[in-house]
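The residues making up each chain are set out below.
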Amino acid sequence: MIPGSVGAFGMVGGKGSSELIQYSISKSNQFTHWFTFVFLSWTVTMLVTQNHFLQTAMRLYEQVIVIPVYYVTVCWFSVLGGIFFFGEWVDTSAMQDFLFCVGVGIVFIGVYLLTRDHHKPHYYQVNPDSQYIHR
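Note that this is a predicted model, so its numbers are computed, not measured. (Residues numbered from 1 in each chain as written. Predicted model: local features only at pLDDT ≥ 70, side-chain atom pairs only at ≥ 80, totals over all residues. Heavy atoms only, no water.)

A. Main features of the overall build of the protein. Counting secondary structure elements, the protein contains 4 helices and 2 strands. Traced from its N-terminal end to its C-terminal end, the protein shows the element sequence α-α-α-α-β-β. Per-residue burial over the protein gives 27% buried out of 135 residues. The contacts in the protein between residues at least 6 apart in sequence include a share of 68% that link residues at least 24 apart. Total accessible area on the protein is roughly 9,800 Å²; 68% of this is exposed by carbon and sulfur atoms. (Helix = DSSP H or I, 4+ residues; strand = E, 2+ residues; numbered from the N terminus. Buried < 20%, exposed > 50% of the residue type's maximum accessible area, 1.4 Å probe, protein only. Contact = heavy atoms within 4.5 Å. Areas by Shrake-Rupley, 256 points an atom, 1.4 Å probe, with all protein chains shown as cover.)

Here it is in structure tokens:
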């Protein structure tokens, strides 16, 4: 779940960065402010961290588990981040909110059904001469 949640911050940062660049090109140069560089650095840091944790999870666990869980968490946190960061929740109706929750529930149930048979523990051996974990 860590790569998905960190990746969502990276996605929201990517959206904000693209808006920042677009605003700089069309209206006023934002690269004269120090916060622009902090924000871009934060976005890159989030994406590198996401990639590190995703690769670690892929190395340690089955891909059948990692990919669906990653997909659900990155989508969930990206949508929630976008809703609150960009204020998209202001214009939604109660029916849209309800249908959104139903859709998220269907995705969670689907991922659970895909991964429920893969909760068997795996035993790993650590080779003292190597930094890698072997099955």
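B. Region of interest: the side chain of Thr36. Tracing the sequence through the fold places Thr36 in helix H2 (residues 34-60). The class of Thr36 is buried, set by a relative accessible area of 4%. Other than its neighbours up to four places away in sequence, Thr36 contacts Leu20, Gln30 and Phe31.

C. Representation of the packing of H2 against helix H3 (residues 63-85). The geometry of H2 relative to H3 is characterised by a closest axis approach of 9 Å and an angle of 150 degrees between their N-to-C directions. In terms of orientation, H2 and H3 fall into the roughly antiparallel class. Here Gln50, Leu54, Ala57 and Met58 of H2 come into contact with H3, specifically with Gln63, Val66, Ile67 and Tyr70. A class-by-class count of the residues in the contact of H2 with H3 yields 6 nonpolar, 2 polar and no charged. (Axes fitted to C-alpha atoms, helices over the stretch in contact; angles between N-to-C directions. Parallel < 35°, antiparallel > 145°, perpendicular 65-115°, else oblique. Nonpolar A, V, L, I, M, F, W, Y, C, P; charged D, E, K, R; others polar.)

D. Broad picture of H2. In this model H2 runs 39 Å from its N-terminal to its C-terminal C-alpha over 27 residues, within 8% of the 39 Å that 1.5 Å per residue would give. Every buried residue of H2 is accounted for by Thr36, Phe39, Thr43, Met46, Gln50, Leu54, Thr56 and Ala57. Those residues of H2 hidden inside the fold are in contact with helix H1 (2-26) and H3. (Expected span 1.5 Å × (residues − 1).)

E. Expanded view of the packing of aromatic side chains. According to the stated counting rule, one finds 6 aromatic pairs in the structure shown. The interplanar angle of 35 degrees and the centroid separation of 6.0 Å between the aromatic rings of Phe39 and Trp42 together place this pair among those described as tilted. Taken together, the residues Phe39 and Trp42, both in helix H2 and 3 residues apart, mark about one turn of the helix. Residue Phe39 is classed as buried on the basis of its relative accessible area of 14%. (Phe/Tyr/Trp six-rings, centres within 6.5 Å; stacked < 30°, edge-to-face > 60°.)

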